[in-house]
Amino acid sequence: MGRPGRSTLLFLLVFVPMYLHRSSLQEGSPVRQRKPFFERLRRLEEQFQRFQEVTLTHLQDIANNYNVSYNVDVQFQRLTEESRAVALAVNRSQAAVQVDLAHLKTWMRQTKRRGRKVDAKLQALDHALSVKSRQQAWEGKDQIAQQDAVSHLALDVLTLQNTLAHLAHQVRNQSTRLAALEWQLQVANPDTAAQGLILAPNQPVQPGLSSPKLHREKQAFRPPLKHRNPSQDLAATLQGTQKPSSLNSHWASAAAPTWPPQGTGEICNTGPVFVFPNASTENVVFLSPGLLKGLRALSFCSWIRMTSGYLGTLLSYATEENDNKLVLHGRDSLVPGSMHFVIGDPAFRELPLQLLLDRQWHHICVSWTSIQGRYWLYVDRKLVATGSHFREDYEIPPGGSLVLGQEQDSVGGSFDSAEAFVGSMSGLAIWDRVLLPREVANLFIGKELPIGVILTLANVTSVGGFVQRTECPCLEHCPATP
């Protein structure tokens, strides 16, 4: 036991000094190395602080970006909703604008049509004014010519009176000379006085004539000493030329036949009578079907009685392309008795129908063909107007709207009361060809319809407004509109 303890003590004695020496050495080295350690620690702390600051800054940026992204999402959703609302508003605006444009286009078309109608009316008025001015000019020329003729006639009368006065003076001179010769003869032959042949002074004598007979003949041929006023003679002469005698008046009235004969009821069996009592836009008659095929020729005939002071619209055929494909159009602003025959607006011809304004029944027929554009107008079977070069090689298309009594500004509507028909119509018919004159005459006297008829009043489908349909055996017995 003693040896191990001794060895242990020796070990401690050897190892402790060595350990103490080493410890001292180790204690000297940290002194030298402590300063770099703290520097690194300080640097690490500084780096950590910087890292912490950068981390905080980054976290703040992340938070800010998150808030910004959240706000962006909210704003994006809001913008999306606003864009949807704007798109919906734009769609609605576009629809409203399209509707407005459609109305504007319709209004523009109607305005153009009315403008064309106004131009046509102005042209008609201008034509009527020019015709009237020419008539006035001719009347003025006629008046001037009549005045000149009156002046020349007055001068001729004065010249004739002067000539007669000169002849009377010469006759008196001759009478004086004859009286002197008779006195000389009496003086030379006294037996003449005994035979009672002595003439009074200033009495002419001719061989072979007795004195009383000579005196009577001289008084018969002697011009009057007091002449009438030349203006009175001229007025009497003009009155004699202007006023026919009662016999001539009788023959003139007898030579002008009237149709139909009054009180005989000759216009019979014409079918239903449609009465348009006033100028209302509701008074219209629709025919169906309209035109089933295109027409290159047509004839329109009907019995008409007008009860207004102007000619209204008899017939109107309109399509989507053109509302005036076929129109017999009258208006209160046109010249009374004037009607426009329209085929494919704006081409038209003016028809003279003044005869229809006497409130009596008349039969009219209008025919047209695209060959050379010829057209004819018959009134009471007499041809009153004709022409050519009106819608040559033109075809009236099918599939439109056909009405009576109104003028269509759109298919089946847009009527104007100023263009409405006021009166009665009967026996209306339309053909797809031109009627011959003898066929028109047969219609007038009540014979059957010619072949080729495509529409009659049997095709009436509806009656609007105050239009009345009546049945009259004879047209003279149908009551007239007020």
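Residues numbered from 1 in each chain as written. Predicted model: local features only at pLDDT ≥ 70, side-chain atom pairs only at ≥ 80, totals over all residues. Heavy atoms only, no water.

- The chain goes by Pentraxin 4 in an unreviewed UniProt entry, where it is assigned to Chinchilla lanigera.
- Checking UniProt for the chain, the heading Cofactor (unreviewed entry) contains the comment "Ca(2+)". (UniProt positions renumbered as here; feature names shortened; annotations may be inferred.)

## Things to note about the pairing of strand S12 (residues 423–431)
Reasoning step 1: For S12, the tally of buried residues reaches 8 of 9 residues, placing the bulk of the element in the interior.
Reasoning step 2: Bridge count between strand S1 (residues 273–276) and S12: 4 bridges; the pairing is antiparallel. Pairing of Val275 across the sheet is with Ser424, part of S12. (Buried < 20%, exposed > 50% of the residue type's maximum accessible area, 1.4 Å probe, protein only. Helix = DSSP H or I, 4+ residues; strand = E, 2+ residues; numbered from the N terminus. Pairing = 2+ DSSP bridges.)

## Let's talk about the nonpolar core
Reasoning step 1: In terms of nonpolar packing, the biggest core is built from 42 residues, with Leu314, Phe341, Trp368, Ile396 and Met425 touching the most fellow members.
Reasoning step 2: Aside from chain neighbours lying at most four places away, what touches Ile396 is Leu291, Lys293, Gly294, Leu295, Leu298, Tyr317, Lys325, Leu326, Ile343 and Trp368. (Core = buried A, V, L, I, M, F, W, Y, C linked by side-chain atoms within 4.5 Å. Contact = heavy atoms within 4.5 Å.)

## Quick notes on helix H6 (residues 437–444)
Reasoning step 1: Buried within H6 we find Glu439, Val440, Leu443 and Phe444. An end-on view of H6 places all buried positions within 145° of arc, on one side of the element.
Reasoning step 2: Its buried side turned inward, H6 meets strand S3 (297–306), strand S8 (362–369), strand S9 (374–379) and S12.
Reasoning step 3: Immediately beyond the C-terminal end of H6, within one or two residues, lies Gly446, with a positive phi of roughly 95°. (Arc of directions from axis to C-beta.)

## What about the sheet that holds strand S14 (residues 460–464)?
Reasoning step 1: Taken in spatial order, the 7 strands of this open sheet run S7-S6-S5-S4-S11-S2-S14, and their pairing is antiparallel. In this open sheet, the two edge strands, each paired with only one partner strand, are strand S7 (348–352) and S14. Averaged over all adjacent pairs, the angle separating strand axes in this sheet is 20°, with direction ignored.
Reasoning step 2: With 4 bridges connecting them, strand S4 (residues 315–318) and strand S11 (residues 401–404) associate as antiparallel partners. Directly across from Ala318, in S11, lies its bridge partner Ser401. (Axes fitted to C-alpha atoms, helices over the stretch in contact; angles between N-to-C directions.)

## Considering the environment of Leu402
Reasoning step 1: By the secondary structure assignment, Leu402 is in strand S11.
Reasoning step 2: Expressed as a C-alpha distance, the spacing of Leu402 and Val327, which sit 75 residues apart in the sequence, is 9.6 Å.
Reasoning step 3: For Leu402, the contacting residues outside a window of four places in its chain are Val285, Phe286, Leu287, Gly290, Leu315, Ser316, Tyr317, Ile430 and Leu455.

## Focus: the packing of aromatic side chains
Reasoning step 1: A full pass over the atoms with the stated rule returns 4 aromatic pairs.
Reasoning step 2: Between Tyr375 and Phe390 the ring centres are 5.9 Å apart and the planes differ by 80°, which places this aromatic pair in the edge-to-face class. Of this pair, Tyr375 sits in strand S9 while Phe390 sits in the loop between strand S10 (382–387) and S11, and the two are 15 residues apart along the sequence. We note that Tyr375, like Phe390, is buried.
Reasoning step 3: The lysine or arginine in question, Arg391, covers the ring of Tyr394, its NZ or CZ lying 4.5 Å from the ring centre. (Phe/Tyr/Trp six-rings, centres within 6.5 Å; stacked < 30°, edge-to-face > 60°. Lys NZ or Arg CZ within 6 Å of the ring centre and 35° of its normal.)

## Concerning the state of the cysteines
Reasoning step 1: Here the structure, examined in full by the defined rule, presents 3 disulfides.
Reasoning step 2: One disulfide in the model links Cys472 with Cys478; its S-S distance is 2.0 Å. Assigned by exposure class, Cys472 and Cys478 land together as buried.
Reasoning step 3: Look at the chain and number its bonded cysteines as they come in the sequence; the links are 1-5, 2-3, 4-6. (Disulfide = S-S within 2.5 Å.)

## Quick look at the side chain of Arg113
Reasoning step 1: Position of Arg113 relative to the elements: it lies in helix H1 (residues 2–188).
Reasoning step 2: If sequence neighbours within four positions are ignored, Arg113 has contacts with Asp323 and Asp409.

## A short note on the pairing of strand S5 (residues 326–329)
Reasoning step 1: Burial along S5 is two-sided: Leu326 and Leu328 and Val327 and His329, pointing in opposite directions, are all buried.
Reasoning step 2: Here 3 bridges tie S4 to S5, and the two strands are oriented antiparallel to one another. Looking across to S5, one finds that Ser316 is bridged to Val327.
Reasoning step 3: Here S5 pairs with strand S6 (residues 338–343) via 4 bridges, running antiparallel. Residue pairing in the sheet places His329 in a bridge with His340 of S6.

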